[in-house]
Amino acid sequence: MYIAGLQLIAESYKAADTKTQCQKCQRLGHSTKDCINQEYCQICAERHYTRQHKCHICQTIGVECPHAKLKCRNCGENHRANSQTCAMWEKKAVSSVSPAKSDITMKNSSDFAVVIPHVRK
Ligand SMILES: [Zn+2]
Ligand SMILES: [Zn+2]
Ligand SMILES: [Zn+2]
Ligand SMILES: [Zn+2]
């Protein structure tokens, strides 16, 4: 038995971005529900939700129209905040190198030095 018409559809499952972008403030690294920031438009980087983005020329709301003056919230360039051309994505990818945690030094050890008196028997 052959399964006819079996096609590889895996390609349509474009690898979802593992990096998180907030849909509210457009910043990277946290999800929308964890956002504590002001809302910013993904299209024009103004202070409104993306769905409230409005074109005064064609009166469309919440979508990118030909008149939209694109501005990236993250880098300031003329693309949408979720644009894959944004340099922020690459920066984020390489900045995952965490510095060694060596906060605990022996510098302050004298604070903890306890003078133990000789116990005479
Ligand atoms: Zn956010
Ligand atoms: Zn907008
Ligand atoms: Zn328009
Ligand atoms: Zn950008």
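Residues numbered from 1 in each chain as written. Chains lettered and ligands numbered in written order. Predicted model: local features only at pLDDT ≥ 70, side-chain atom pairs only at ≥ 80, totals over all residues.

Looking at the overall build of the protein
A tally of helices and strands in the protein yields two helices and zero strands. A total of 121 residues make up the protein; the buried ones form 13% of that total. Taking contacts inside the protein between residues at least 6 apart in sequence as the whole, the part at least 24 apart equals 27%. (Helix = DSSP H or I, 4+ residues; strand = E, 2+ residues; numbered from the N terminus. Buried ≥ 20, exposed ≤ 12 C-beta atoms within 10 Å, placed from the backbone. Contact = placed C-beta atoms within 7 Å.)

What about the environment of Q38?
Here Q38 lies in the segment before α1 (87–94). Residue Q38 is classed as exposed on the basis of its 9 C-beta neighbours within 10 Å. Separated by eleven residues in the primary sequence, Q38 and Y49 place their C-alpha atoms 9.2 Å from one another.

Focus: unusual backbone geometry
The phi dihedral of A45 falls on the positive side, at around 65°, and the residue is not glycine. For A45, the position within the fold is in the segment before α1. One non-glycine residue, Q59, lies in positive phi territory at about 65°.

Points about the environment of C75
With respect to the element layout, C75 can be found in the segment before α1. For the pair C75 and C86, spaced eleven residues apart in the sequence, the C-alpha separation amounts to 7.2 Å. Here C75 is in contact with C86, A87 and M88, once residues within four sequence places are set aside.

Some words on the confidence of the model for the protein
Parts of the model with low pLDDT should not have their predicted coordinates read in detail. Scored by pLDDT, the protein comes out at a mean of 78, with 63% of its residues at no less than 70. This model gives residues 6–17 a pLDDT under 50, and the stretch forms zero contacts once residues within four places in sequence are excluded. (pLDDT = per-residue confidence, 0-100.)

Regarding the environment of K69
By the secondary structure assignment, K69 is in the segment before α1. Residue K69 is classed as exposed on the basis of its C-beta count, with 10 C-beta atoms lying within 10 Å. Between the alpha carbons of K69 and I43 there is a distance of 7.6 Å; along the sequence they are 26 residues apart.

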